[in-house]
Amino acid sequence: IEKNGNPAVIWLHFQECTGCSESLLRSSHPTISTLILDMISLDYHETLMVGAGHQAEKSLHDSMKANQGKYILVVEGAIPTKQNGIFCKVSGKTAMESLQEAAKGAAAIISIGTCASYGGIQSVAPNPTGAVGVRDIVKDKPIINIPGCPPNPYNFLSTVLYYLTFKKLPELDNLGRPKFAYGRKIHEHCERRPHFDAGRFAKAYGDPTHAQGYCLYKLGCKGPATSANCSVQRFNDVGAWPVSIGHPCIGCTEPDILFKTAIAEKV
Ligand code: SF4
Ligand code: SF4
Ligand code: F3S
């Protein structure tokens, strides 16, 4: 419940792997403890909360009631829609029902990860559960997408801190992503870019062209069409990101066509 002026946050998990939460747990500036103890009041989060069962449900509903119209709703995971959404249920309610109930009183919704933003891996054809993103279900609330699988936790934290500081949402692109993090293509700042410009491409994993750090475009890199700051922000405070460790970008921050095509190419 809102305390010390810190806004209440309700975090729902649906069809997902919890990688988005796991990624956030490894952030260091600020740390997750600073975030949830000093900056927000995290009233419900199935992975982090101590309570379970009826106690947890009570926390959820107490917070929704006490913070009507004021809480931030964070959603992690896609929402199954086929067969009335029976593929994901918590506390006897489908993900669709829980989302609609929690969205009603939210001031804004953050969809963390590609699952919650656009349906993610679960929605790859034949999409057996009819998985969709939050924006396909909720139409009457401000929704911020922080895609990525998982997204860089600093893109999420920066969005939360922006909202807490300026009391408004950051500027978003046409896919609902904050422009400060998703306003450029990763190709623009990739360290392999000089090889791309010079026409030097890695031909196969493990061969000398790969070992010499040549561009991964011919191994399927989607960097030229992927909007994200991975090549600048990097991950886990160790300076690495997929392309730096030799794997092509699969466009995990992008919706349908790019990401799903990349996944289909792998299977
Ligand atoms: Fe897991 Fe990726 Fe979905 Fe996050 S976006 S919950 S990391 S599958
Ligand atoms: Fe662009 Fe990918 Fe080549 Fe980097 S590795 S320069 S992102 S195509
Ligand atoms: Fe995803 Fe590509 Fe970045 S796969 S993590 S957008 S480098």
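Residues numbered from 1 in each chain as written. Chains lettered and ligands numbered in written order. Predicted model: local features only at pLDDT ≥ 70, side-chain atom pairs only at ≥ 80, totals over all residues. Heavy atoms only, no water.

A closer look at the site of ligand 2
- Neighbouring residues of ligand 2: His187, Cys190, Arg192, Arg193, Phe196, Cys215, Leu216, Tyr217, Cys221, Gly223, Pro224 and Val243.
- Here the shell around ligand 2 is composed, by residue class, of eight nonpolar, two polar and two charged. (Near = heavy atom within 4 Å. Nonpolar A, V, L, I, M, F, W, Y, C, P; charged D, E, K, R; others polar.)

Regarding the side chain of Ser27
- As for its position among the elements, Ser27 is in the loop between helix H1 (19–25) and helix H2 (32–39).
- Judged by relative accessible area, which is 6%, Ser27 ranks as buried.
- Here the side chain of Ser27 touches Leu24 through a polar contact of 2.7 Å, landing on its backbone oxygen.
- Within polar-contact distance, the side chain of Ser27 engages the backbone oxygen of Pro30 at 3.5 Å. (Helix = DSSP H or I, 4+ residues; strand = E, 2+ residues; numbered from the N terminus. Buried < 20%, exposed > 50% of the residue type's maximum accessible area, 1.4 Å probe, protein only. Polar contact = N/O pair within 3.5 Å; in protein donor to acceptor, adjacent residues only side chain to side chain.)

Some points on the sheet that holds strand S7 (residues 106–112)
- Pairing within the open sheet is parallel, and its five strands lie in the order S2-S1-S3-S7-S9. Two strands lie at the open edges of the sheet, namely strand S2 (41–45) and strand S9 (143–146), each paired on one side alone. Ignoring which end each strand starts from, the neighbouring axes of this sheet average 20° apart.
- Where strand S3 (residues 71–76) meets S7, six bridges bridge the pair, whose relative direction is parallel. Counterpart to Val75 in the pairing with S7 is Ser111. (Pairing = 2+ DSSP bridges. Axes fitted to C-alpha atoms, helices over the stretch in contact; angles between N-to-C directions.)

Looking at the pattern of salt bridges
- Counting across every chain of the model gives nine salt bridges.
- Here Lys179 ties to Glu171 by a salt bridge, and the two come within 3.0 Å at their closest N and O atoms.
- You can call Lys179 partly exposed: its relative accessible area is 39%.
- The partner of Glu188 in a salt bridge is Arg184, with the nearest N and O atoms 3.8 Å apart. (Salt bridge = Lys/Arg side-chain N within 4 Å of Asp/Glu carboxyl O.)

Notes on the site of ligand 1
- Around ligand 1, the surrounding shell consists of Glu16, Cys17, Thr18, Gly19, Cys20, Gly113, Thr114, Cys115, Gly148, Cys149 and Pro150.
- Ranked by the residues each element gives to the shell around ligand 1, the list is headed by helix H5 (residues 113–118), at three residues.
- Grouping the constituent residues of the shell around ligand 1 by class yields five nonpolar, five polar and one charged.

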